[in-house]
Amino acid sequence: MTMSSHLLRRAIALWNSGQKAQARRILEAIVYNDRGNESAWIWYIYSLESNQEKIAALERFLSNFPHHTTGRKALATLKTERAPQPESQVNALVGVPKTDPVERGPSLSPEERRPARKPLPSSIPWLLILSGLCIFLFSTVTLLSRYSSLQSDLRNLTASNQQILRNYEQLTADFETLKSEHVVLTNEYNSLTAQYNALNSEYAVLAGNYNSLYAEHTTLRNSYDSLLMDYNYTLQSYSQFREIAIAPPYIFTRGRTVHLVFERLDGSLLKWDIGSDWLEYHLRLGDDLRNELAYDLTLYNEYTGETYRTVDDRDFVDPTPFTNLMSDLYSRSPDEYTFIREVWYIVAQLTAYTSEIRETPRFPMETLLSGGGDCEDHAILFASMILASPVPWEVKFIYMDAEHPTRPQTMNHVIVQVVTSNGLISWKRPAKIP
């Protein structure tokens with residue numbers, strides 16, 4: 001259905017409901033824009049109130065439909081009549097529209113329904129024509145102005161509608177984006193909620209463990225304080241006991257046996273029993289050998305070019321008294337180095353020591369019974385005990401300058417060098433007792 005047909009139906013509906021003025025304005029707009037709409041013209045002529053308006057409208061109608069016989073007859077009838085006729089008679093001349101003007105349109109009244117002609121004054125038709133023209137021009141200008149205004153409003157509404165559609169599309173896209181983000185955030189929220197619940201459960205467990213551990217800590221702290229008091233009391237008692245007790249190393253005689261006690265690296269005690277005959281033999285042997293001392297060992301200092309004559313300390317090395325003791329100590333040591341350190345620790349426990357070389361070397365048993373000696377005495381004792389071990393190690397004496405070991409100026413010290421299966425080990429008795 002075209003716009004003109006739609007507007008025509010609207011005008012007919014308004015006319016039938018009694019709103020004739022509104023219907024007339026719509027019909028006038030239709031014939032202005034669609035001059036070829038015959039049905040709209042007939043309804044428009046029918047809606048006019050005066051014959052002058054009807055004559056003007058018929059003339060315009062015939063300019064569009066010049067061969068319309070019924071329209072020409074109606075126009076001729078209106079022009080020849082001098083006096084005004086009732087509206088019903090004029091409408092009968094023009095013709096009453098039918099109920100469905102879009103399909104067929106109202107036809108002009110037939111010849112048999114025409115009223116009898118009455119003569120009209122000759123000036124009236126011209127006045128009517130002028131009035132109709134004036135009314136027509138005014139209506140045309142009004143309608144054109146109204147039409148332009150409506151077209152402007154239509155353009156504005158169309159632009160607004162397009163902007164609204166664009167905004168709607170943008171809002172729809174934003175909505176979809178926000179909807180997707182909402183789904184993602186919902187999933188993250190659910191995941192965080194699950195993690196929070198899990199952490200809350202773990203916190204409850206940890207809080208319970210903390211309370212339990214705190215109670216245990218309190219108990220242990222009380223026990224610690226009690227043990228600390230006992231320790232301080234025991235330490236005080238130990239200090240008092242140490243002042244009157246005999247600490248290793250020590251020697252005591254019972255019957256014809258001499259008992260020697262030393263401390264090992266792990267704090268345990270090493271006990272060694274020697275018969276009195278052995279001690280007497282070594283004491284006599286040492287005195288006899290010292291009475292026959294000979295400076296038969298020559299040492300050469302390559303830095304100063306000096307030559308030193310000294311006693312050969314190797315003559316006093318005697319491993320025989322230590323064979324059983326060293327075999328047992330070697331078997332209980334985890335490695336060679338630990339064994340050598342155990343032997344060194346026994347010698348280091350002797351209280352008397354001097355780093356000066358004296359011309360009175362002693363046999364190892366003499367050094368033990370004397371409780372110490374100078375550097376060569378300790379070196380002889382250490383070398384004798386090492387040679388008593390069940391392994392064939394090479395043991396050497398190294399004479400040196402203790403104050404200038406790399407560029408010796410004189411000879412004032414001796415150290416022991418042990419060559420084991422794992423390499424070279426040098427032993428030097430410290431100047432201070434540990």
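Calculation notes
Residues numbered from 1 in each chain as written. Predicted model: local features only at pLDDT ≥ 70, side-chain atom pairs only at ≥ 80, totals over all residues. Heavy atoms only, no water. Helix = DSSP H or I, 4+ residues; strand = E, 2+ residues; numbered from the N terminus. Buried < 20%, exposed > 50% of the residue type's maximum accessible area, 1.4 Å probe, protein only. Contact = heavy atoms within 4.5 Å. Areas by Shrake-Rupley, 256 points an atom, 1.4 Å probe, with all protein chains shown as cover. Expected span 1.5 Å × (residues − 1). Salt bridge = Lys/Arg side-chain N within 4 Å of Asp/Glu carboxyl O. Pairing = 2+ DSSP bridges. pLDDT = per-residue confidence, 0-100. Phe/Tyr/Trp six-rings, centres within 6.5 Å; stacked < 30°, edge-to-face > 60°. Lys NZ or Arg CZ within 6 Å of the ring centre and 35° of its normal. Axes fitted to C-alpha atoms, helices over the stretch in contact; angles between N-to-C directions. Left-handed = near helix turned anticlockwise from the far one by under 90°. Nonpolar A, V, L, I, M, F, W, Y, C, P; charged D, E, K, R; others polar. Core = buried A, V, L, I, M, F, W, Y, C linked by side-chain atoms within 4.5 Å.

Concerning the overall build of the protein
Point 1. Of regular secondary structure, the protein possesses twelve helices and ten strands.
Point 2. Counting across all 434 residues of the protein, residues that qualify as buried make up 34%.
Point 3. Nonlocal contacts in the protein, meaning residues at least 24 apart in sequence, comprise 54% of its contacts between residues at least 6 apart.
Point 4. In the structure as shown, the protein presents an accessible area of about 27000 Å², 55% of it carried by carbon and sulfur atoms.

Describing helix 1 (residues 3-16)
Point 1. With 14 residues, helix 1 ought to run about 20 Å at 1.5 Å a step, and its terminal C-alpha atoms sit 20 Å apart, in line with that.
Point 2. Restricting attention to buried positions, one finds in helix 1 the residues Ser 4, Ser 5, Leu 8, Ala 11, Ile 12, Leu 14 and Trp 15.
Point 3. Close packing links the buried residues of helix 1 with helix 2 (20-33) and helix 3 (38-47).

Some words on the pattern of salt bridges
Point 1. Following the criterion strictly, the structure yields seven salt bridges and no others.
Point 2. Two residues, Glu 342 and Arg 264, come together in a salt bridge whose shortest N-O distance is 3.4 Å. Remark: Arg 264 occurs in the loop between strand 2 (257-263) and strand 3 (269-275) and Glu 342 occurs in helix 10 (residues 336-348); sequence separation between them is 78 residues.
Point 3. Assessed through its relative accessible area of 11%, Arg 264 is described here as buried.
Point 4. Asp 328 is paired through a salt bridge with Arg 332; the nearest N and O atoms lie 2.8 Å apart.

A word on the pairing of strand 2
Point 1. Most of strand 2 is tucked away: five of the seven residues are buried.
Point 2. Examined bridge by bridge, strand 1 (residues 250-254) and strand 2 share five bridges and lie antiparallel to one another. Residue Arg 254 lies in a different strand from strand 2, and its bridge partner there is Thr 257.
Point 3. Connecting strand 1 to the antiparallel partner strand 2 that follows it, the hairpin turn spans two residues, and Gly 255 within it adopts a positive phi of roughly 65 degrees.
Point 4. Relative to strand 3, strand 2 runs antiparallel, the two sharing seven bridges. Note that in strand 3 the partner of Glu 263 across the bridge is Leu 269.
Point 5. Between strand 2 and strand 3, which follow one another and run antiparallel, lie five residues, and Gly 267 among them has a positive phi close to 95 degrees.

Quick notes on the confidence of the model for the protein
Point 1. Here the protein shows a mean pLDDT of 81. Residues at 70 or above account for 84%.
Point 2. When mean pLDDT is taken per element in the protein, helix 9 (residues 323-331) scores highest with 92 and helix 6 (residues 87-94) scores lowest with 46.
Point 3. Every residue in residues 86-90 is under pLDDT 50, and counting partners more than four places away or in other chains gives five contacts.
Point 4. Confidence drops under a pLDDT of 50 for residues 99-121, and excluding neighbours within four residues, the segment shows 62 contacts in the predicted structure.

Here we look at the packing of aromatic side chains
Point 1. Applying the stated rule across the entire model yields twelve aromatic pairs.
Point 2. Seen in terms of ring centroids, Phe 339 and Trp 393 are 6.0 Å apart; in terms of plane orientation they differ by 55 degrees. Their pairing is tilted. Here Phe 339 is found in helix 10, whereas its partner Trp 393 is found in the loop between helix 12 (375-387) and strand 8 (394-400), with 54 residues between them in sequence. We note that Phe 339, like Trp 393, is buried.
Point 3. An aromatic cluster is present here, built from Trp 41, Tyr 44, Phe 61 and Phe 65 joined pairwise through their rings.
Point 4. Against the face of Trp 15 rests Lys 20, its NZ or CZ located 5.0 Å from the ring centre.

Some words on the pairing of strand 5 (residues 307-310)
Point 1. Residue alternation in strand 5 divides its side chains into a buried set, Tyr 308 and Thr 310, and an unburied set, Thr 307 and Arg 309.
Point 2. Pairing analysis gives four bridges linking strand 4 (residues 297-300) to strand 5, with the strands arranged antiparallel. Paired with Tyr 300 across the strands is Thr 307, a residue of strand 5.
Point 3. What sits between strand 4 and strand 5 in their antiparallel hairpin is a turn of six residues, with Gly 305 showing a positive phi close to 80 degrees.

Digging into the environment of Ala 348
Point 1. Positionally, Ala 348 belongs in helix 10.
Point 2. When its relative accessible area of 1% is taken as the criterion, Ala 348 is described as buried.
Point 3. Between the C-alpha atoms of Ala 348 and Gly 372, which are 24 residues apart in sequence, the distance is 9.1 Å.

Considerations on the packing of helix 4 (residues 51-64) against helix 5 (residues 69-80)
Point 1. Relative to each other, helix 4 and helix 5 sit at 145 degrees, their axes nearing to 10 Å. The two elements helix 4 and helix 5 cross, and the hand of that crossing is left-handed. Contacts from Asn 51, Lys 54, Ile 55, Leu 58, Glu 59, Phe 61 and Leu 62 of helix 4 reach helix 5 at Gly 71, Arg 72, Ala 74, Leu 75, Leu 78 and Lys 79.
Point 2. Considering only residue class, the contact of helix 4 with helix 5 consists of seven nonpolar, two polar and four charged.

Quick notes on the nonpolar core
Point 1. Among the nonpolar cores identified, the biggest contains 41 residues, and Phe 322, Met 326 and Leu 368 are the most heavily contacted of them.
Point 2. The element that contributes the greatest number of residues to this core is helix 12, accounting for eight residues.
Point 3. With near-sequence residues (within four places) excluded, Met 326 lies in contact with Phe 339, Val 343, Met 385, Ala 388, Ser 389 and Pro 390.
Point 4. If you look at the next biggest cluster of nonpolar residues, it comprises 26 residues, including Ala 11, Ile 12, Ala 74 and Leu 75.

Things to note about the side chain of His 259
Point 1. Secondary-structure assignment places His 259 in strand 2.
Point 2. Of the residues examined, His 259 reaches a relative accessible area of 14% and is grouped as buried.
Point 3. Residues contacting His 259, with those up to four places away along its chain left out, are Tyr 250, Ile 251, Phe 252, Arg 254, Trp 272 and Asp 273.

As for helix 8 (residues 276-291)
Point 1. Relative to the 22 Å expected for 16 residues at 1.5 Å per residue, helix 8 spans 23 Å between its end C-alpha atoms, a close match to the ideal helical length.
Point 2. Buried residues along helix 8 sit in contact with strand 2, strand 3 and helix 11 (364-370).

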